Amino acid sequence: MRQFTTKALVLVAATALSLTAACSSSTATPGSSGSAAGGQKYIAIISKGFQHQFWQAVKKGADDEAAKEGVKVTFEGPASESEVEAQLTMLENAIAKKPDAIAFAALDTKAASGALDKIKAQNIPLVAFDSGVDSDAPLTTVATDNIAAAGEAAKHMCQLIGNAGKVGVIVHDQTSRTGIDRRDGFLKGMKDTCPNATVLPVQYGAGDQAKSADIAKSIIQANPDIKGFFGANEGSAVGVVKAVQELNKTGLAVIGFDSGKAQKDAITAGIMSGAVTQDPIGMGAATVKAAVDAINKKSVDKKISSGYYWFDKTNMADPKIAAVLYD
Amino acid sequence: MTQPTPSVATSTVAAVEAGASSMLRRSLQQLLAFAGLIGIFIVFAIASPAVFPTYTNVIQILFSAVVIGLLSLGATLVIITGGIDLSVGTGMALCAVMSATFIVDWHIPVLLGVIMALLFGGLIGLVNGFNVAFLKLPPFIATLAMMMVASGLALVVSNKRPIYFDQSSGYAHLSTGSLIPGVEFPNAIIIYAVAAIVAGVLLNKTLLGRYDLAIGSNVEATALSGVNVRKWMVIIYAVAGLFTGLAGVMISARLGSAQPATGAGYELYAIAAVVIGGTSLAGGRGSMLGTIIGSLIIAVINNGLQIISVPQEWQNVILGVVILLAVFADQFRTRT
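Predicted, not measured: the structure shown is a model, and the values here were computed from it.

### Focus on the overall build of chain A
For chain A, the helix and strand inventory stands at eleven helices and 13 strands. Split into buried and exposed, the 327 residues of chain A put 56% on the buried side. For chain A, the exposed surface amounts to about 13,000 Å²; the carbon and sulfur share of it is 56%.

### A closer look at the pairing of strand E6 (residues 165-171) of chain A
Residues and elements named next belong to chain A. The buried count for E6 comes to five of seven residues, which makes it a mostly enclosed element. Here E6 runs beside strand E7 (residues 197-199); their pairing, made up of three bridges, is parallel. In the strand pairing of E7, Lys166 is matched with Thr198. Looking at chain direction, E6 and strand E9 (residues 226-231) are connected through five bridges and run parallel. Each residue of the ladder has a partner; that of Ile170, found in E9, is Gly231. Alignment of E6 against strand E8 (residues 203-204), held across two bridges, turns out to be parallel. Counted as the bridge partner of Ile170 is Gln203 from E8.

### Side note on the packing of aromatic side chains
Applying the stated criterion to the full structure yields ten aromatic pairs over all chains. A ring pair is formed by A:Phe186 and A:Phe230, whose centres lie 4.2 Å apart and whose planes are at 10°; its orientation type is stacked. With A:Phe186 in helix H6 (residues 177-193) and A:Phe230 in strand E9, this pair connects stretches of sequence that are 44 residues apart. Relative to B:Trp232, the ring of B:Tyr211 lies with its centre 5.0 Å away and its plane at 75°, an arrangement referred to as edge-to-face.

### Overview of the domain arrangement of chain A
Residues and elements named next belong to chain A. For chain A, the assigned domains read domain 1 (2-143 + 282-307) and domain 2 (146-278). Both faces combined, the contact of domain 1 with domain 2 buries some 930 Å², and carbon together with sulfur accounts for 43% of it. Remark: the boundary between domain 1 and domain 2 carries zero salt bridges. Considering only residue class, the side of domain 1 that touches domain 2 consists of three nonpolar, seven polar and four charged.

### A short note on the state of the cysteines
Residue and element names in this part refer to chain A. A full pass over the atoms with the stated rule returns one disulfide over all chains. The partner cysteine of Cys158 in its disulfide is Cys194, sulfur to sulfur 2.2 Å. Disulfide Cys158-Cys194: torsion about the S-S bond near 95°, hence right-handed. With Cys158 in helix H5 (residues 146-161) and Cys194 in the loop between H6 and E7, the pair connects residues that are 36 residues apart, well separated along the chain. We classify Cys194 as buried; its relative accessible area is 2%.

### Some details on the side chain of B:Asp85
Residues and elements named next belong to chain B. Tracing the backbone through its elements, the reader meets Asp85 in the loop between helix H3 (55-80) and helix H4 (88-105). Despite its burial, Asp85 remains without a salt bridge, the nearest opposite charge being carried by Lys136 at 18 Å. In this structure the side chain of Asp85 is engaged in a polar contact, spanning 2.6 Å, whose partner is the side chain of Ser87. In this structure, Asp85 is in contact with Val78, Asn128, Thr143, Glu267 and Ile271, ignoring residues within four places of it in sequence.

### Quick word on the side chain of A:Glu65
Residue and element names in this part refer to chain A. For Glu65, the position within the fold is in helix H2 (residues 54-69). Given a relative accessible area of 7%, Glu65 falls into the buried group. Residues within four places of Glu65 in sequence aside, it is in contact with Ala285, Val288 and Lys289.

### Notes on the pattern of salt bridges
Residue and element names in this part refer to chain A. In the structure shown here, the tally under the stated rule is 19 salt bridges over all chains. Taking the shortest distance from any N to any O, the salt bridge between Lys59 and Asp63 comes out at 3.0 Å. Of the two residues, Lys59 and Asp63 are both situated in helix H2; the distance of four residues between them amounts to about one turn of the helix. Notably, a salt bridge pairs Glu246 with Lys217, separated by 2.8 Å at the nearest N-O pair. With a gap of 29 residues between them, Glu246 in helix H8 (residues 234-247) and Lys217 in helix H7 (residues 209-222) connect regions that are remote in the sequence. Comparing Glu246 with Lys217 shows no difference in burial state: the two are buried.

Procedures and definitions
- Residues numbered from 1 in each chain as written.
- Chains lettered and ligands numbered in written order.
- Predicted model: local features only at pLDDT ≥ 70, side-chain atom pairs only at ≥ 80, totals over all residues.
- Heavy atoms only, no water.
- Helix = DSSP H or I, 4+ residues; strand = E, 2+ residues; numbered from the N terminus.
- Buried < 20%, exposed > 50% of the residue type's maximum accessible area, 1.4 Å probe, protein only.
- Areas by Shrake-Rupley, 256 points an atom, 1.4 Å probe, with all protein chains shown as cover.
- Pairing = 2+ DSSP bridges.
- Phe/Tyr/Trp six-rings, centres within 6.5 Å; stacked < 30°, edge-to-face > 60°.
- Domains from an automatic or database assignment.
- Buried area = accessible area lost by both parts, 1.4 Å probe.
- Salt bridge = Lys/Arg side-chain N within 4 Å of Asp/Glu carboxyl O.
- Nonpolar A, V, L, I, M, F, W, Y, C, P; charged D, E, K, R; others polar.
- Disulfide = S-S within 2.5 Å.
- Lys, Arg positive; Asp, Glu negative; His and termini not counted.
- Polar contact = N/O pair within 3.5 Å; in protein donor to acceptor, adjacent residues only side chain to side chain.
- Contact = heavy atoms within 4.5 Å.

Okay, here's the thing in C-alpha cells:
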C-alpha cells in the first residue's frame, strides 16, 4: 500500500509537471512569434474562465478593440470560477511569455499577490479588470462598480415588494471581489432604501445553477411568506428561477444579475422581474484600451468604471441594452 | 433449525432471530448509516417542525439527491473493485454536452439521444476500464487523466457555451415533469429509484456483482479461479459509466441546458456518499443500499442546514465531520 502511494505521488507529480511544461511551451509560442512579427505589441489577458458567456462578451470587446489598435491579444481562463490555483498558473505562464502588458481578472483578490509582485518587478504594465486585487501592482482597474450596480438592484427590489417583507439572497462566492461587492452593495441598498424589509442570511451557491436552485428552494420552503429573491450572478439567478419554476411559486419578485439566455427567457416569461447587467463588451474594450495606453506610457486613471444597466421586459430590445446582453 | 424444538412458534422466532442477527452482522454499517439518516432527519424535524418534515421539502431532498445519487451508484461498483473513479463529475458534464449535441444539434429524437448519451458515458467508463485493466494504470491516475480530458472535451464540443434544449420540450420533463398526473412527484426521483434498483440487482444478483466483490477482495484468487479479471474490470467500469451518462442527462434535463463547465467536484460528493454508506475504499465490500442512504444523508444535511439558516461555511464543516464519523464507525466495526 505504501509503495503504491509513493508510486502514485510520483506519477501525479510527473503528470502535473509534464502538463505544466506542455501548457507553457504551447502558450509561449504565440507571444514570441507575435513580437517577432514586426514588433506588434502583445497583451496577455487572463480572465476568470468560460463558465459564463459574460467572458465571451468580454473577449469580443477585447478582440474588437485589439483589432482597432493593431495589437495582439490572447485570452485565457480556467475551466471554472473556483479554480484559483489553475488561474494563478495561467498568470505565471503569461509572465514567462514576457508580454508587453498583462490584463488580469483575479478570481481571488489576494491569492495572486506573489505573481503580481513579479509583474511589477519586471516592469510589465498590469491592468486589473472585472475584479480588483489587493495590491498596488495594477496601473488601473477596469470594473463594473458592483456596489452601485447591486444597489440599483436593491432599489428595484424595494419598489417591487413595496418596502416590506422578506428577501432572499444567493451570491456566487464569499471570496471574490464581485461576490463581496454585490452582496454588500445589495445589503446596503436594502438597508438604505428599504428599511421595512428583512433580508434573510446570504447563502452561496458557487455560481452552480443546480446547487443554487437547491439552496433557493430550501430558503423559499423555510420562508413561505418570502417576497423577493436576488441572485448575484448568472448561475445564482438562474438557480433562483429554477427554484421558482420547480416549486410553482408565484408572487415572488426575482431580480438577477448579468444576462444569458435563461435569464432573458425568464424575464420575457415574467418569472424574473428584471436584472442588472454589466457592460462586458465595454469592459473588454476598456481593458485593452487601458493596456495600450499603459504600453505607450500615457497616463491612465486609477479606476475605470465600465458601466451597468438595469433591464427588464420594457427595455430588453433597446439596441444599447441588447448589445451587451448575451445569450 | 436442525434441532427439534418444542413448538412451531419458538422455532419460527428463533429462525427469525438467527436470520435477523446474521443480517445485522452483515449490514451493521448500513443500519448505522440508516439510523444516522433517521437521526439527522429527526434533529432537523425538531429544529424546523413547520418546514423541514413537509411533503414538499422531503420531495425536494430526494430531488436534490438525484445527480450525486446516480453518480455514486456507478462509483460504488468501481470502488468495490478496490479502484476509484475521479472522472464521474466532469464525465457527467461531457455526457450532458453530448446529450445536447445529439438532441439539439443533430436533431436526434429525445429518447434515442438519451440512450446515446448513456452509451457515451459507458464509453468513458470503457476507456477507464481498459486503461486500468490492460494498461495497468492505477485507477486513481487513469481516472484523474479522464477527469481532465472530459472537462476539456466538454468545453471543446460545446464551444464553451451552454447548449439549451429549447426545441425539445420533452427533455426537461425527464427531470421536473411528473409521470403521475396531479401529484407533485418529479420524474427525476422515479428515474433515480429505478436506476438504484437496477444497480442493486446488478451487485447482488448477477455475475457482474459477484465478480466485482471477488476482484475487490482478492484479485489473484479470482484470476486463479478462472475468471477473466481484465474483461470483467472493463465491463464494471463501463457499466459504472452508464450511470455517469444518466447523471449527465438528468442534470441537463433539470437545467434545460448542458452546462459544459459544471461537474468538477461532484465526484468527491459521489465518493463521500459511497463511503458514508459503508463501502470499503479497500475494495471487496460494499452495498448499493448503503450508497443510496449515503447520498440521502448528504442531501438531508445540505437541505436541513440551509433551512435552519446555518452559515454556508459551517455547512461544509459539518458535512466533513459526518464523513469522518461514518468512516470511523465503519473502521471501528471492522476492527472489533
